[in-house]
There are 2 protein chains.
Amino acid sequence: MDVTHEPSSMRIAVVGSGAVGCYYGGRLANSGRDVHFLMRSDLDHVRKHGLSIRSHHGDFVLPTVQVSATPEEIGPCDLVIIALKATSNDQLKRLIPPLLHERTSLLTLQNGLGSDEWLANCFGAERVLGGLCFVCINRTGPGEVHHLAEGRVSIGEFAGPPQPRTHAITAAFNEAGVPCHVVDSLSTERWKKLTWNIPFNGLSIAAGGIDTEQILADAGLNQLARELIREVIGAAQRLGHDLPADIEDIQMRATESMGPYRPSSLIDFQQGRGVEVEAIWGEPYRRAIAGGAAMPRLEMLYFLLRRLAPAGRK
Amino acid sequence: MDVTHEPSSMRIAVVGSGAVGCYYGGRLANSGRDVHFLMRSDLDHVRKHGLSIRSHHGDFVLPTVQVSATPEEIGPCDLVIIALKATSNDQLKRLIPPLLHERTSLLTLQNGLGSDEWLANCFGAERVLGGLCFVCINRTGPGEVHHLAEGRVSIGEFAGPPQPRTHAITAAFNEAGVPCHVVDSLSTERWKKLTWNIPFNGLSIAAGGIDTEQILADAGLNQLARELIREVIGAAQRLGHDLPADIEDIQMRATESMGPYRPSSLIDFQQGRGVEVEAIWGEPYRRAIAGGAAMPRLEMLYFLLRRLAPAGRK
């Protein structure tokens with residue numbers, strides 16, 4: 001069985017039980033999908049208490065979820081949703097193989113650049129899809145997620161144009177109450193998302209641990225956020241990705257509507273966890289430079305963040 | 001009496017009893033000069049215990065120093081050495097006038113740009129000299145200074161070429177064991193010094209509270225320091241100040257020789273005191289931009305520091 005046939009019986013594994021994994025996996029399970037969560041630290045709690053989603057679209061609790069400590073317990077699935085931090089990708093070499101059959105699809109919901117290629121190299125490019133989550137979401141405890149705003153997902157194929165499975169997976173998300181659509185170019189979407197993550201996740205840490213409202217209210221940081229967005233747009237264009245002409249204003253307005261939002265990287269940083277410095281800043285910086293773009297502000301932000309949130313934290 | 005006559009009887013006031021005021025004032029007093037220290041928080045301690053200078057050139061203690069709580073107690077002097085943080089300049093409007101006679105000279109040892117003009121506006125341009133201190137020096141307690149490295153001072157006139165008094169004051173410093181020389185252009189010297197203070201004072205704070213050795217050892221921050229130096233050289237050139245062609249390498253090598261040095265701005269920051277953000281980063285940034293220079297890294301550093309170390313701390 002694979003995701004192009006019998007989508008309603010799609011067997012799904014979710015790897016990573018942070019906010020993203022619990023939220024999207026929880027919505028899919030809540031819609032009746034056969035979802036298996038791979039968990040480590042939250043395993044016992046979720047086995048006993050299930051998943052609890054507090055959402056501005058309506059709270060819900062899944063008292064009983066299928067949760068396992070090892071991928072062998074779960075076994076082969078049609079779709080593996082990867083929601084680990086990119087800083088933990090080395091674990092996937094061990095965690096993914098028991099979940100695979102010949103036509104298993106891998107959907108990474110990870111941030112930034114690099115995870116698509118990494119999964120393609122390890123498990124085959126034809127398996128890989130990427131999903132971009134536009135969502136304000138925080139993990140508030142084991143198996144507990146607070147969904148603050150937005151929630152939509154854009155899904156694209158890593159290795160080519162959309163396929164029947166791309167639409168099937170997208171349909172599964174939509175049926176689960178997650179607004180989801182298929183995108184023609186995954187990498188263009190990734191650059192588009194970076195026009196937000198690079199400035200706002202980055203400045204929230206580099207400016208001393210502040211939320212998006214504080215960034216916007218500070219004249220210098222507001223200007224800097226816009227300048228970083230422009231650098232990212234310029235890099236994307238050089239690399240062949242045409243972003244909407246008004247993306248700078250769109251991102252600034254979207255941020256205004258978020259209120260005092262703490263980006264996920266800031267929360268990771270403040271809680272002593274790994275920050276996806278390479279995925280969000282390092283890899284975009286390297287690709288932009290390789291493409292001939294001048295990125296003085298992204299470079300500086302990357303160098304500062306690499307020092308402030310060194311690799312090695314998980 | 002003024003500093004062009006009878007230099008040996010020069011009456012000197014030192015305003016500000018941080019590391020710089022205590023160190024240079026202490027050396028001048030130790031050489032037999034008539035030095036009057038204006039102090040507030042350290043007054044009682046210094047009155048009882050004097051000044052204590054621990055120096056790699058030899059420690060010395062001044063058990064009895066002339067110290068006053070008010071400028072009125074001191075009265076008119078020939079030379080007023082200003083060693084307050086630029087963040088406290090508003091206090092000078094009240095502190096300076098009682099120290100003035102008709103020909104009193106004001107020598108500011110303050111960092112960065114802006115204090116010369118501020119003093120000139122308040123008290124007359126003809127009074128103002130600036131001194132640039134190339135010194136690694138930390139205040140370790142009330143009236144206690146640790147002199148770690150260097151120590152030389154460059155002195156120039158604010159309003160024109162060197163005068164007899166410029167040489168007389170310089171001679172007083174040299175006689176006190178402080179290597180000191182007269183410079184033709186105070187503002188060129190200020191830009192030269194900024195090629196160090198802007199990157200190293202700035203990155204030590206923005207990168208999370210690290211010393212100069214840690215900055216140099218981090219490949220990204222090392223590169224960033226060099227890039228900031230180049231931006232400052234470019235701005236200085238646009239504003240008519242030709243800095244030595246090899247100043248970038250000079251500053252990097254000088255920093256290597258300092259070891260794990262914590263710049264004064266970092267110490268101020270970590271101890272919750274005011275950081276001279278406007279003098280060291282803000283005013284140079286504004287002048288560079290007004291001169292048509294592109295300063296993306298200085299701009300970013302300034303915007304971050306303004307947020308990290310907001311005005312209002314003293």
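The structure under discussion appears in the preceding block.
### Side note on the interface of chain B and chain A
Listed as interface residues are 24 residues of chain B and, on the opposing side, 24 residues of chain A. Between chain B and chain A, roughly 2,100 Å² of surface is buried when both sides are summed, and carbon and sulfur atoms account for 64% of that area. The tally of links from chain B across to chain A stands at three salt bridges. Where Glu299 of chain B meets Arg297 of chain A, a salt bridge forms, and the shortest distance between an N and an O atom there is 3.8 Å. Where chain B packs against chain A, one counts two residue pairs in polar contact (both at pLDDT 80 or more).

### Considering the packing of aromatic side chains
Residues and elements named next belong to chain A. What the rule picks out here adds up to 16 aromatic pairs over all chains. On the numbers, 6.5 Å between centres and 45° between planes, the contact of Trp196 with Tyr261 is tilted. Taken as a pair, Trp196 in helix H7 (residues 186–206) and Tyr261 in the loop between helix H10 (247–256) and helix H11 (264–270) lie far apart in primary sequence, 65 residues in all. An aromatic cluster is present here, built from Tyr23, Tyr24 and Phe173 joined pairwise through their rings. The ring of Phe134 carries Lys193 above its face, with NZ or CZ at 5.8 Å from the centroid.

### A word on the environment of Ala207 of chain B
Relative to the helices and strands, Ala207 of chain B is located in the loop between helix H7 (186–206) and helix H8 (212–217). When the C-alpha atoms of Ala207 of chain B and Leu221 of chain B are compared, they prove to be 8.3 Å apart, with 14 residues separating the residues in sequence. The contacts of Ala207 of chain B, once residues within four sequence positions are left out, are Leu304, Arg307 and Leu308 of chain A together with Leu221 of chain B.

### Section: unusual backbone geometry
Of note, the phi angle at Glu150 of chain A is positive, near 55°, even though the residue is not glycine. Within the secondary structure layout, Glu150 of chain A lies in strand S9 (residues 144–157).

### A closer look at the pattern of salt bridges
Residues and elements named next belong to chain A. Inspection of every chain in the model, using the stated rule, returns 39 salt bridges over all chains. Note that Glu157 and Arg165 form a salt bridge whose closest N and O atoms lie 2.6 Å from each other. In this structure Glu157 comes out as buried when scored by relative accessible area, which is 4%. Judged by relative accessible area, which is 7%, Arg165 ranks as buried. The residue Glu283 makes a salt bridge to Arg287 at a minimum N-O spacing of 3.0 Å. With Glu283 and Arg287 both in helix H12 (residues 277–290) and four residues apart, this pair spans about one turn of that helix. The exposure class of Glu283 is partly exposed, given its relative accessible area of 21%. Connected through shared salt-bridge partners, Glu117, Glu278, Glu283, Arg286 and Arg287 make up one network.

### Observations regarding empty space enclosed by the protein
Counting across every chain of the model gives two cavities of 30 Å³ or more. There is about 50 Å³ of room inside the largest cavity. Leu109, Gln110, Asn111, Gly112, Gly131, Leu132, Cys133, Arg190, Lys193, Leu194 and Asn197 of chain A together form the lining of the largest cavity. Among the elements of the structure, strand S8 (128–141) and H7 of chain A are those that each provide at least two residues to the lining of the largest cavity. Per element, the largest residue contribution to the lining of the largest cavity is four residues, and it comes from H7 of chain A. Of the residues in the lining of the largest cavity, the class split is four nonpolar, five polar and two charged. Surrounding the second largest cavity, Asn111, Gly112, Leu132, Arg190, Lys193, Leu194 and Asn197 of chain B form its lining. Top contributing element to the lining of the second largest cavity by residue count: H7 of chain B, with four residues.

The rules behind these values
- Residues numbered from 1 in each chain as written.
- Chains lettered and ligands numbered in written order.
- Predicted model: local features only at pLDDT ≥ 70, side-chain atom pairs only at ≥ 80, totals over all residues.
- Heavy atoms only, no water.
- Contact = heavy atoms within 4.5 Å.
- Buried area = accessible area lost by both parts, 1.4 Å probe.
- Salt bridge = Lys/Arg side-chain N within 4 Å of Asp/Glu carboxyl O.
- Polar contact = N/O pair within 3.5 Å; in protein donor to acceptor, adjacent residues only side chain to side chain.
- Phe/Tyr/Trp six-rings, centres within 6.5 Å; stacked < 30°, edge-to-face > 60°.
- Helix = DSSP H or I, 4+ residues; strand = E, 2+ residues; numbered from the N terminus.
- Lys NZ or Arg CZ within 6 Å of the ring centre and 35° of its normal.
- Buried < 20%, exposed > 50% of the residue type's maximum accessible area, 1.4 Å probe, protein only.
- 1 Å grid on protein atoms, 1.4 Å probe; cavity = no way out; pocket = protein on both sides within 12 Å on 5 of 7 lines; lining within 4 Å.
- Points joined across faces, edges and corners; volume = space filled by probe spheres on them.
- Nonpolar A, V, L, I, M, F, W, Y, C, P; charged D, E, K, R; others polar.

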